[in-house]
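For reference, the chains in residue letters:
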Amino acid sequence: MNGRMQLSINPPRAAWPELARRPALPQADLEGRVREILETVRQEGDAALRRYTARFDRWDGEQSEIPFEEWFAQASLTPGPLREAIRLAIANLRAFHEAQREGEIRVETMPGVTCWRRSVPLERVGLYIPGGSAPLFSTLLMLGVPARLAGCKEIILCTPPDAQGRIHPAILFAARETGIGRIFRAGGAQAIAAMAFGTESIPKVDKILGPGNQYVTLAKQLVSQHGTAIDLPAGPSELLVIADASAHPAFVAADLLSQAEHGPDSQVILLSDSEAVVAAVQAELERQLPLLPRAEIAAAALASSRAAVLPDRETLMAFSNAYAPEHLILAVEDPAAWAQLVEHAGSVFLGHYAPESAGDYASGTNHTLPTNGYARAYSGVSLDHFVRKITFQQLTPDGLRNVGPAVMEMAAAEGLEAHRQAVALRLDVLNA
């Protein structure tokens with residue numbers, strides 16, 4: 001089993017785009033297949049959802065919603081130490097996300113003209129939690145905690161079942177602890193369609209949040225064109241590590257493998273100014289990889305991953321900013337100084353004792369982050385993703401006298417006479 005990454009020594013900038021190219025599943029007809037699933041679920045509702053669940057998840061049961069009795073009974077099977085770990089993570093997530101709450105600030109932009117903004121929670125949100133070989137209950141914490149803090153009236157969860165129709169107990173426990181209202185056995189693009197359009201059993205939501213594979217990501221992007229908001233493009237996981245001579249090769253290798261084991265389409269990148277550090281990390285990868293239960297998955301991800309030696313801090317950070325990683329670890333001697341140069345990244349981990357795993361689970365930051373270079377334009381999930389910002393303004397008579405002439409002048413210049421008249425009529429009354 002090969003744990004080595006492809007190595008480049010001082011590659012020219014012209015070669016950077018190829019080094020930073022993300023792995024991708026074959027795109028042939030991907031959009032066509034996803035559109036077909038979306039349209040079929042939109043037209044046929046639960047009947048289509050059951051067919052797709054039987055086809056993709058090998059469960060052909062009739063009842064997609066999990067009854068509370070089954071939900072709570074299965075949740076209780078979560079081992080005690082894991083229950084306590086989940087509760088600790090929830091406490092940290094609540095502390096960090098509660099601090100993001102914005103108060104209502106009133107601003108008098110000029111005498112008599114007052115403007116303010118209020119955060120109003122989304123009424124109904126749909127959370128998607130991937131299934132597959134790893135029960136990502138941690139992602140449910142990342143979405144459920146801020147949704148509940150924001151005050152969303154209804155929070156539903158879609159997640160794929162196993163062949164017996166079961167959901168992992170830890171997902172059910174996390175759902176109970178974070179205040180999820182309803183849980184449905186549904187996965188993939190068909191679950192996104194159900195939440196976007198609504199079916200006989202699954203209600204239509206205002207916003208869909210949660211990561212997934214390329215099918216799920218594309219489905220979210222397509223339904224966003226039909227009035228359902230989404231969080232961000234969140235596809236296969238990725239990590240970039242910058243390591244200098246002070247780095248611990250074993251730590252760095254473990255961090256790289258922690259992302260590589262997510263899936264064969266994950267990607268990890270190692271950058272350093274030292275060939276010796278890269279060689280030491282490569283050796284640790286080969287030592288640690290065979291010890292992992294998901295070694296084959298991690299090895300597949302490493303096959304499309306990269307290592308590069310670049311001359312100095314500025315060049316290393318320039319490559320990182322060009323790549324715009326979902327996760328960035330600065331395994332360097334003075335991480336605070338390096339952090340000042342970060343321009344594009346989803347979440348950053350500073351120093352030798354801040355593994356990316358901490359952010360994935362329990363430090364308090366959110367791990368639902370932009371991938372595939374979207375960190376150049378998107379932020380990770382926060383409390384803001386679960387609220388709408390509504391602006392208000394109030395004008396006194398003097399306020400209208402102060403701002404009105406400018407409004408009329410601008411409206412006239414745009415040829416919008418009714419706009420001008422709406423102000424002029426009021427000023428005529430005030431000046432009579």
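Up top is the structure these notes are about.
Thresholds, definitions, all that
- Throughout, a residue's number is its position along its own chain's written sequence, starting from 1.
- Per-residue local features are limited, in this predicted model, to residues with pLDDT of at least 70; the limit for side-chain atom pairs, both in listing and counting, is 80 or more; totals at the level of whole chains, interfaces and linings are taken over all residues.
- Derived side-chain values reflect all non-hydrogen atoms in the structure, with water molecules and hydrogen atoms excluded from consideration.
- Helix and strand definitions here come from DSSP, where helices need a minimum of 4 consecutive H or I residues and strands a minimum of 2 consecutive E residues; each element is numbered from the N-terminal end.
- Each residue is placed in one exposure class: buried if its accessible area under a 1.4 Å probe, protein chains only, is under 20% of its type's maximum, exposed if it is over 50%, and partly exposed if it falls in between.
- For the accessible areas, the method is Shrake-Rupley and the probe is 1.4 Å, while residue cover comes only from the protein chains on display.
- The charged-residue count follows a simple rule in which Lys and Arg add positive charge and Asp and Glu add negative charge, with His and chain termini not counted at all.
- Charge positions are represented by NZ for Lys, CZ for Arg, CG for Asp and CD for Glu.
- By definition, two strands form a pair when at least two bridges between them are found by DSSP.
- Between the rings of Phe, Tyr and Trp (Trp by its six-membered ring), a pair exists once the centres lie within 6.5 Å; its type follows the angle of the planes, with under 30 degrees stacked, over 60 edge-to-face, and the other angles tilted.
- Here the axes come from fitting lines to C-alpha atoms, over the contacting stretch only for helices, and the angles between their N-to-C directions go from 0 to 180 degrees.
- In what follows, a contact means two residues having at least one pair of non-hydrogen atoms within 4.5 Å.
- In this scheme, a helix's expected span is set at 1.5 Å multiplied by one less than its residue total.
- By convention in these notes, a salt bridge is any Lys or Arg side-chain nitrogen within 4 Å of a carboxyl oxygen on Asp or Glu.

## Examining the overall build of the protein
On a plain count of helices and strands, the protein comes out with 17 helices and 14 strands. The C-alpha extent of the protein, read off along each of the three principal axes, is 90 × 60 × 45 Å. Expressed as a percentage of its 432 residues, the buried residues of the protein come to 49%. Total accessible area on the protein is roughly 19,800 Å²; 54% of this is exposed by carbon and sulfur atoms. Of the side-chain charges in the protein, 38 are positive and 49 negative, and the distance between the mean point of each set is 5 Å.

## Observations regarding the sheet that holds strand β5 (residues 154–159)
Ordered by their spatial adjacency, five strands build an open sheet running β6-β5-β4-β7-β8, and the pairing between neighbours is parallel. Each edge of the open sheet is held by one strand with a lone partner, namely β6 (182–185) and β8 (229–230). Direction of pairing for strand β7 (residues 207–209) relative to β8: parallel, over a ladder of two bridges. In the sheet register, I208 faces β8, and the bridge partner there is I230.

## Points about the packing of aromatic side chains
Scanning the entire structure with this criterion turns up eight aromatic pairs. Pairing F68 with F72 gives two aromatic rings, centres 6.1 Å apart and planes at 65°, and the pair type is edge-to-face. Of this pair, F68 and F72 both sit in helix α4 (residues 68–75), separated by four residues, roughly a single helical turn. Exposure remark for F68: the relative accessible area of 49% places this residue in the partly exposed category.

## Some details on the sheet that holds strand β2 (residues 107–110)
Taken together, the three strands give an open sheet; going across it, the order is β2-β3-β14, and neighbouring strands pair in antiparallel fashion. Looking at strand neighbours, the two that pair on one side only are β2 and β14 (387–395), the edges of this open sheet. Looking at each pair of strands side by side, their axes are set apart by 30° on average, direction ignored. Sheet topology places β2 next to strand β3 (residues 113–121); three bridges connect them, and they run antiparallel. From the neighbouring strand, M110 faces β3, where its bridge partner is V113. Of the strands in this sheet, β2, β3 and β14 are in contact with helix α16 (residues 397–413), which crosses β14 at around 95°.

## Remarks on the side chain of S382
With respect to the element layout, S382 can be found in the loop between α15 (356–361) and β14. On the basis of relative accessible area, S382 is assigned to the buried category, the value being 16%.

## Topic: helix α6 (residues 137–150)
Taking 1.5 Å per residue as the helical rise, α6 with its 14 residues ought to reach 20 Å, and the 20 Å between its terminal C-alpha atoms agrees with that figure. Most of α6 sits out of view: 13 of its 14 residues are buried.

## What to know about the pattern of salt bridges
Scanning the entire structure with this criterion turns up 26 salt bridges. One salt bridge connects R166 with D162, and the closest N-O pair in it is separated by 3.0 Å. By relative accessible area, D162 is classed as partly exposed at 27%. A single salt-bridge network, built from bridges that share partners, covers E65, R124, E154 and R182.

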